[in-house]
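# Structural description and commentary
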Amino acid sequence: MAHRLLKIAAVYFVIAVCMGTYMGAAQDLSLVPVHAHLNLLGWVSLGIIGCLYLQKPALATTRLAKLHFWLHNIGTPLMMLGVWLLHSGVNPELGEPLAGIFSIVTVIGIIAFAVNLWRGIDRA
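Read on for a plain summary of the structure. (Residues numbered from 1 in each chain as written. Predicted model: local features only at pLDDT ≥ 70, side-chain atom pairs only at ≥ 80, totals over all residues. Heavy atoms only, no water.)

## What about the environment of A9?
Quick reminder of the rule: Numbering of helices and strands runs from the N terminus, with a helix taken as a DSSP run of H or I at least four residues long and a strand as a DSSP run of E at least two residues long. Buried, partly exposed and exposed residues are distinguished by accessible area as a fraction of the type maximum, computed with a 1.4 Å probe on protein chains only: under 20%, between the cut-offs, and over 50%, respectively. Only heavy atoms enter the contact rule, under which two residues are in contact if any of them lie within 4.5 Å.
As for its position among the elements, A9 is in helix α1 (residues 2-26). Accessibility expressed as a relative area gives 0% for A9, which makes it buried. Residues A9 and T62, spaced 53 residues apart in sequence, show a C-alpha to C-alpha distance of 20 Å. Apart from the residues lying within four places of it in its own chain, the contact partners of A9 are G42, W43, L46 and G47.

Have a look at this one:
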């Protein structure tokens, strides 16, 4: 699980950096919210959690760890698609519910991580 988290964090990092480079070159900062969320929810959060799981491997073997991984990595990209649709003006009517629903999915995943950490950190 730790290795999976670190690998997917690197993917989010590459996407966010490419997006930031494009925004800078195009001098169009309308997608800063997507760029920032990809960095924070993808690269930073998942990278830190991956490092934590390297240090405390017992935490990575739980059902909550798996639930967090999947909800976080389904929710975040779909939430970002919704935010992109909202901020790009392509389809705000679809973007708003997509961002809303999948932000809840991501939050549930993050809560699963927090519960996993609180339950198991002393035993790991």
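## Considerations on the packing of α1 against helix α3 (residues 63-88)
Put simply, the test is: Orientation is described by axes fitted as lines to C-alpha atoms, over the contacting stretch for helices, and by angles from 0 to 180 degrees between their N-to-C directions. Relative orientations are named as follows: roughly parallel for angles under 35 degrees, roughly antiparallel for angles over 145 degrees, roughly perpendicular for angles from 65 to 115 degrees, and oblique for any other angle. Under the scheme applied here, ten amino acids are nonpolar (Ala, Val, Leu, Ile, Met, Phe, Trp, Tyr, Cys and Pro), four are charged (Asp, Glu, Lys and Arg), and all others, including Gly, are polar.
Following both chains from N to C, one finds α1 and α3 inclined at 10°, their axes separated by 12 Å at the closest point. Overall, the two elements α1 and α3 adopt an arrangement that is roughly parallel. Between α1, through R4, L5, I8 and Y12, and α3, the contact on the second element is made entirely by F69, W70, H72, N73, T76 and P77. Classifying every residue of the contact of α1 with α3 gives six nonpolar, three polar and one charged.

## Focus on helix α4 (residues 92-120)
Rules: A helix is expected to reach a length of 1.5 Å times the quantity of its residues less one.
The terminal C-alpha atoms of α4, which comprises 29 residues, lie 41 Å apart, in line with the 42 Å expected from a rise of 1.5 Å per residue. Within α4, the full set of buried residues consists of G95, L98, A99, F102, V105, T106, G109, A112, F113, N116 and G120.

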